[in-house]
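# Results of the structural survey
Read off the chains here:
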Amino acid sequence: MPNKPFHSAPRFALAATLLAGLAACANYSGITPQSSLREAPSLGLNANGPAVAAIDAEWWHGFQDPQLDRLVTQALEGSPNLKLAQARLRRAQAVADATHAADLPRVDADIEGQRQRYTENGLYPAPLAGGNYNSGTAQLTSSWELDFFGKNRAALDAALGQTKAAQADTQAARVLLVSQVARSYFQLLRLNGQLELANRTLAQRSELLRLVQDRVQAGLDTRLELKQSEGSLPEARQQVEALNEQIALARNALSALVGQPNVADALVLPALAAIKTAANAQAIPADLLGRRADIAAARWRIEAAGKDVASAKAQFYPNINLVGFAGFSSIGLGNLLQSSSQQWGIGPAIHLPIFDAGRLRAGLSGKTADLDAAVESYNAALLDAVRDVADQLASQQSIGLQQAQQKAAQDAAEAAYEIAVQRYGAGLGNYLNVLGAETAVLAQRRLQVDLAARALDTQVALIRALGGGYTANATESVAARADRESGEARFYALSGIATQ
């Protein structure tokens, strides 16, 4: 009886040591996220704001231009940039598969044969000692990490989050590609419209030159007016050539976007007025954050980074593996497959970090910093998205007002030019009046083409800013969405991420 306390003391000390070690290994206090997650209300997005219709995933058909439809189809099939995003998605999926495999048992087969001389001064007695013998082993080995503390589960969730982010990135790349094709196409139409105006100006100045020549021959004008009229022709030809150059460059850029060289050279370019106007939003939608693929990708990266933090925290706890083997082993290959050569073993292996000079804490600090970076990237994406939509809405409204005023100004300039030409032909006005009226009317014609192109370009930019038809949650039920959002709120709370 008096010896019992003595014998139980070592066991008590061992248990105390293990508990102290466990407490020491799980010491990650003081490492918490510093960034706060911005939410829709802090950005001025009111849930009770005006409803904005969802954008069709194939919105470009709304312009009713078959050539644009073909270009978009070809771009989606052959663009290297889109294929790059798809390759990144496949890589993320492969990483998720590899991470999932780490949470499952592993079984390996080992077959080994060798001829060996056994030392005479070792553990083996005669006749093995000093002899040359063949030996062989054939066995299965298995191991399974028991994920009691959720390290592997968190790593898998992080990989799945990165996969979902890559999926959203692929959709964002698709939206960007289609919008770039449409905008490049409309830019080509703008330049073609400017070229038609330049050719019209050249023809108009040629006619005016003939009028001046007739007046000079009749003694009604001097060589000054003749030289002024002749000097306007090279200027008009230079503008035509400059526009031809710009059109060639625009065709090359469009062909590169589509992924097929010279495909834009075969286009028959319609007038800007022939392009139908697509329906567009008039206000920032309250659900903007759910419409944009880039924001969805940033959100998934936050979740992936949070799971990386959880996995890094789990590194502080014991790592428990169940290992085993079964097979045959013998000295002398003839005995390898005999029942007496059987061997097997099974047992746990526990790894407990006690002292690592701060490696685990440094790793957790790095993952926490990655989480902060993901949160701030998400916040920046939100701010940029709201600004982008606001900018396009402001431009859309302003361009509509500008077009109304420009039309009135062009009507007046065209009438003034006709009067100036008639007065000059009748000898009632001088050539300077014609030049001044022509300058005004040419400026208005160019402005009309530019505003028409800007209206189409702004429509495409607004569609892209509103998500371009991204519908990741289109099939998600109301209940499923509520569960997901509730789960996200719990996740952010557990990760220590504040919201604004």
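Cut-off values and rules
- Residues numbered from 1 in each chain as written.
- Predicted model: local features only at pLDDT ≥ 70, side-chain atom pairs only at ≥ 80, totals over all residues.
- Heavy atoms only, no water.
- Helix = DSSP H or I, 4+ residues; strand = E, 2+ residues; numbered from the N terminus.
- Buried < 20%, exposed > 50% of the residue type's maximum accessible area, 1.4 Å probe, protein only.
- Lys, Arg positive; Asp, Glu negative; His and termini not counted.
- Salt bridge = Lys/Arg side-chain N within 4 Å of Asp/Glu carboxyl O.
- Polar contact = N/O pair within 3.5 Å; in protein donor to acceptor, adjacent residues only side chain to side chain.
- Contact = heavy atoms within 4.5 Å.
- Pairing = 2+ DSSP bridges.
- Patch = residues over 30% accessible without salt bridge, like charges linked within 9 Å, V, L, I, M, F, W, Y side chains within 5 Å.
- Areas by Shrake-Rupley, 256 points an atom, 1.4 Å probe, with all protein chains shown as cover.
- pLDDT = per-residue confidence, 0-100.
- Axes fitted to C-alpha atoms, helices over the stretch in contact; angles between N-to-C directions.
- Expected span 1.5 Å × (residues − 1).
- Parallel < 35°, antiparallel > 145°, perpendicular 65-115°, else oblique.
- Left-handed = near helix turned anticlockwise from the far one by under 90°.
- Nonpolar A, V, L, I, M, F, W, Y, C, P; charged D, E, K, R; others polar.
- Core = buried A, V, L, I, M, F, W, Y, C linked by side-chain atoms within 4.5 Å.

Our next topic: the environment of R88. Tracing the backbone shows R88 in helix α3 (residues 80–101). Residues R88 and A166 lie 78 residues apart in sequence; the distance between their C-alpha atoms is 6.8 Å.

Here D372 is to be found in helix α8 (residues 359–425). For the buried residue D372, which engages in no salt bridge, the nearest side chain bearing the opposite charge is K313, 11 Å off. Within the structure, D372 has its side chain in polar contact with the backbone nitrogen of S35 (distance 3.1 Å). Filtering out sequence-adjacent residues up to four positions away, D372 remains in contact with P33, Q34 and S35.

This part covers the pairing of strand β3 (residues 132–146). Examined bridge by bridge, strand β2 (residues 106–117) and β3 share twelve bridges and lie antiparallel to one another. By the bridge assignment, I111 is partnered in β3 with A138. When β3 meets strand β4 (residues 319–331), the two strands line up antiparallel, connected through twelve bridges. Along β4, the bridge assignment pairs S143 with V323.

This brings us to a nonpolar patch on the surface. Together, W144, L322, W344 and I346 make up a nonpolar patch on the protein surface, roughly 490 Å² of accessible area in all. Mapped onto the fold, I346 is located in strand β5 (residues 342–351).

As a further point, take the confidence of the model for the protein. On average, residues of the protein score 80 in pLDDT, and 85% of them reach the 70 mark or higher. Contacts from residues 1–7, a stretch scored under 50 in pLDDT, to residues over four places away or in other chains number zero contacts.

Let us look at the pairing of β4. Within a regular strand, side chains alternate between the sheet's two faces. With ten bridges connecting them, β4 and β5 associate as antiparallel partners. Note that in β5 the partner of N321 across the bridge is A349.

Read across the sheet, four strands follow the order β2-β3-β4-β5 without closing on themselves; strand pairing throughout is antiparallel. The sheet is open, and its two borders are formed by β2 and β5, each paired with just one other strand. Across the sheet, the mean angle from the axis of one strand to that of its neighbour is 20°, orientation sign disregarded.

This paragraph deals with the pattern of salt bridges. This model, assessed by the stated rule, comprises 15 salt bridges. R117 serves as the salt-bridge partner of E120, at 3.2 Å between the closest nitrogen and oxygen. On the accessibility criterion, E120 (54% relative accessible area) is exposed. Here E145 makes a salt bridge to K151, at a shortest N to O gap of 2.9 Å. The burial state of E145 is the same as that of K151; both residues are buried. What you see here is one network of salt bridges that share partners, running through R292, D294, D388 and R464.

With that out of the way, let us pick up α8. In a regular helix each residue adds 1.5 Å, so 67 residues correspond to 99 Å; α8 covers 92 Å between its end C-alpha atoms and thus fits that length. With its phi angle positive at about 80°, G427 sits one or two positions after the end of α8.

Another aspect to go through is the packing of helix α2 (residues 66–78) against helix α4 (residues 151–217). The interhelical angle for the contact between α2 and α4, taken along N-to-C directions, is 140°, at an axis separation of 10 Å. The angle between the axes of α2 and α4 places the two elements in the oblique class. Between α2 and α4 the crossing geometry is right-handed. Seen from α2, the contacting residues are Q67, L68, L71, V72, A75 and L76; seen from α4, they are R174, L177, V178, V181, A182, Y185 and F186. Partitioned by chemical class, the residues of the contact of α2 with α4 number eleven nonpolar, one polar and one charged.

Counting 70 residues, the largest nonpolar core has W59, F63, L68, V181, F186 and L254 as the members making the most contacts within it. When residues of this core are traced back to their parent elements, those giving at least two are α2, α4, α5 (223–258), α6 (288–291), α7 (293–314), α8 and α9 (431–465). Leave out the neighbours within four places in its chain, and W59 touches V178, S179, A182, V460, I463 and G468. L209, A413, Y424 and V434 belong to the second-largest nonpolar core, a separate cluster that totals 15 residues.

The step from A126 to P127 runs through a cis peptide bond, and the omega angle for that step is 10°. Mapped onto the secondary structure, P127 falls in the loop between β2 and β3. Residues other than glycine seldom take positive phi values, yet Q64 does so here, at roughly 55°. When you line up the elements, Q64 lands in the loop between β1 (36–37) and α2. Not every positive phi belongs to a glycine, and N262 is a case in point at roughly 70°. By secondary structure assignment, the location of N262 is in the loop between α5 and α6.

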